[in-house]
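Here are the chains, one letter per residue:
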Number of protein chains: 2
Amino acid sequence: MFGYLNAIKTRPGHREEVVAILLGAVEGLGEVGCRQYTVAVDPDDEVTIRVTEVWESEEAHRASLELPETKAAIARAMPLLSGEFETAATEVRGGLGL
Amino acid sequence: MFGYLNAIKTRPGHREEVVAILLGAVEGLGEVGCRQYTVAVDPDDEVTIRVTEVWESEEAHRASLELPETKAAIARAMPLLSGEFETAATEVRGGLGL
């Protein structure tokens, strides 16, 4: 399994809107090989979103980016982001429910 | 829901042993309010473990630290760690399966 740890910064005042967009696109992910897609926010600022993902394979993750609902969510969120984005890939060994 | 993002460094040569200890203690966590407990490793080094957690409440997380199996796992893992440990708390808004 493959994981991604992402830190996404929004423009001030737009974090809740981006959280809602991300959560609105979650439903279909389970059908394309996503095991976890978790959306959290930093308590210490008002602009950072942390998305942690677990995928069956790198191919499943790549394929998810081609889904119409994923593309639509990215298009809606993009203007609300600051442009600061960090991502790190991991090798997931297991865990509760995995 | 509350989240924790942890980066734990092991002593060289002991990462797999610590991963096994962490995964061995996962079973009981679901019964005490843990929603996700995911163990991953960094592909770019041989000592970093990333544990991402989601809990129903901060109280549930604190209570889990008092479980005999948690205490035993911590005692077994401790001598294998380098001492470098980073943790960040998050507010979890939702996600796949949450």
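Residues numbered from 1 in each chain as written. Chains lettered and ligands numbered in written order. Predicted model: local features only at pLDDT ≥ 70, side-chain atom pairs only at ≥ 80, totals over all residues.

S.K.: Would you explain the overall build of chain A in this entry?
M.R.: What chain A contains, in helices and strands, is three helices and four strands. The secondary structure elements of chain A, listed N-terminal to C-terminal, are β-α-β-β-α-α-β. Scaling as 2.2 N^0.38, a compact globule of 98 residues should have a C-alpha radius of gyration of about 13 Å, and chain A matches this with 13 Å. Its C-alpha atoms give chain A principal-axis dimensions of about 35 × 30 × 20 Å. (Helix = DSSP H or I, 4+ residues; strand = E, 2+ residues; numbered from the N terminus. Rg over C-alpha atoms; globule rule 2.2 N^0.38 Å.)

S.K.: What am I meant to see in the packing of helix 1 (residues 15–24) of chain B against helix 3 (residues 68–77) of chain B here?
M.R.: A pair of packed helices can be characterised by two numbers: the angle between their axes and the separation between those axes. Residues and elements named next belong to chain B. At their nearest, the axes of helix 1 and helix 3 sit 9 Å apart, and the two run at 175° to each other. Comparing their axes, helix 3 and helix 1 come out roughly antiparallel. For the pair formed by helix 1 and helix 3, the contact residues are V18, I21, L22 and G24 on the first element and A73, R76 and A77 on the second. Here the contact of helix 1 with helix 3 is built from residues that sort into five nonpolar, one polar and one charged. (Axes fitted to C-alpha atoms, helices over the stretch in contact; angles between N-to-C directions. Parallel < 35°, antiparallel > 145°, perpendicular 65-115°, else oblique. Contact = placed C-beta atoms within 7 Å. Nonpolar A, V, L, I, M, F, W, Y, C, P; charged D, E, K, R; others polar.)

S.K.: I would appreciate a short explanation of the relation of the copies chain B and chain A in the present structure.
M.R.: The operation linking the two copies of the chain is a rotation about an axis combined with a translation along the axis. Rotating chain B by 180° and moving it 0.0 Å along the rotation axis overlays it on chain A with an RMSD of 0.0 Å. Here the copies are linked by what is in effect a two-fold axis. Looking at the rotation axis and the C-alpha trace of chain B, the residue lying nearest is B:T52, at 4.0 Å. The overlap is high: 100% of the interface residues of chain B also sit at the interface in chain A, so the same surface is used on both sides. (Least-squares fit on C-alpha atoms with pLDDT ≥ 70 in both.)

S.K.: Please clarify how the sheet that holds strand 4 (residues 81–95) of chain B should be interpreted in this entry.
M.R.: Adjacent strands of a sheet form backbone hydrogen bonds with each other and so pair up, either parallel or antiparallel. Pairing is antiparallel in the closed barrel, where eight strands are placed in the order 1(A)-3(A)-2(A)-4(B)-1(B)-3(B)-2(B)-4(A). Taking the axes of each pair of neighbouring strands and ignoring which way they run, one obtains an average angle of 35° across the sheet. (Pairing = 2+ DSSP bridges.)

S.K.: Could you clarify how one ought to interpret the confidence of the model for chain A in this entry?
M.R.: A low pLDDT means the predicted coordinates there should not be read in detail. For chain A, the mean per-residue pLDDT works out to 96, and 100% of the residues sit at or above 70. At the level of chain-chain contacts, confidence expressed as ipTM amounts to 0.95, with global pTM at 0.95. (pLDDT = per-residue confidence, 0-100.)

S.K.: What's the story with the pairing of strand 1 (residues 2–10) of chain A in this structure? I'm lost.
M.R.: One face of the sheet, then the other: side chains in a regular strand alternate in exactly this way. Inspection of the sheet shows strand 1 of chain A paired to strand 3 (residues 48–55) of chain A by eight bridges, in the antiparallel sense. Each residue of the ladder has a partner; that of A:L5, found in strand 3 of chain A, is A:T52.

S.K.: Is there a simple way to explain the interface of chain B and chain A in this structure?
M.R.: Residue-level contacts link 29 residues of chain B with 29 residues of chain A. Counting only elements with at least two residues in the side of chain B that touches chain A, the list comes to strand 1 (2–10), helix 1, strand 2 (34–41), strand 3 (48–55) and strand 4 of chain B. When the residues that make up the side of chain B that touches chain A are grouped by side-chain class, the tally is 16 nonpolar, nine polar and four charged.

S.K.: Explain the environment of B:V26 to me, please; I cannot follow it from the model alone.
M.R.: Looking at the secondary structure, you find B:V26 in the loop between helix 1 and strand 2. As a C-alpha pair, B:V26 and B:V39 span 13 residues in sequence and 9.7 Å in three-dimensional space. If we ignore the near neighbours within four places in the chain, the residues touching B:V26 are A:G95, A:L96 and B:Y37.

S.K.: What am I meant to see in helix 1 (residues 15–24) of chain A here?
M.R.: Since the α-helix turns once every 3.6 residues, residues separated by three or four places project in the same direction. Taken residue by residue, helix 1 of chain A has A:R15, A:V18, A:V19 and A:L22 as its buried positions. Along the axis of helix 1 of chain A, the buried residues cluster in a sector spanning 105°; they form a single face. Looking at the packing, one finds that the buried side of helix 1 of chain A touches strand 1, strand 2 (34–41), strand 3, helix 3 (68–77) and strand 4 (81–95) of chain A together with strand 4 of chain B. (Buried ≥ 20, exposed ≤ 12 C-beta atoms within 10 Å, placed from the backbone. Arc of directions from axis to C-beta.)

S.K.: Just checking my understanding: could you explain the environment of A:V41 for this structure?
M.R.: Tracing the chain through its elements places A:V41 in strand 2. On the basis of neighbour count, A:V41 is assigned to the buried category, with 21 C-beta atoms found within 10 Å. In this structure, the C-alpha to C-alpha distance between A:V41 and A:R15, residues 26 residues apart in sequence, is 8.5 Å. Setting aside residues up to four positions removed in sequence, A:V41 forms contacts with A:R15, A:V19, A:T48, A:I49, B:T90, B:E91 and B:R93.

S.K.: Looking at this structure, how should I read the environment of B:I49?
M.R.: All names here are of chain B. Examined against the element boundaries, I49 turns out to sit in strand 3. Sequence separation between I49 and K9 is 40 residues, and the spatial gap between their C-alpha atoms is 6.2 Å. For I49, the residues in contact, after removing those within four places along its chain, are I8, T10, R15, V18, V19, V39 and V41.

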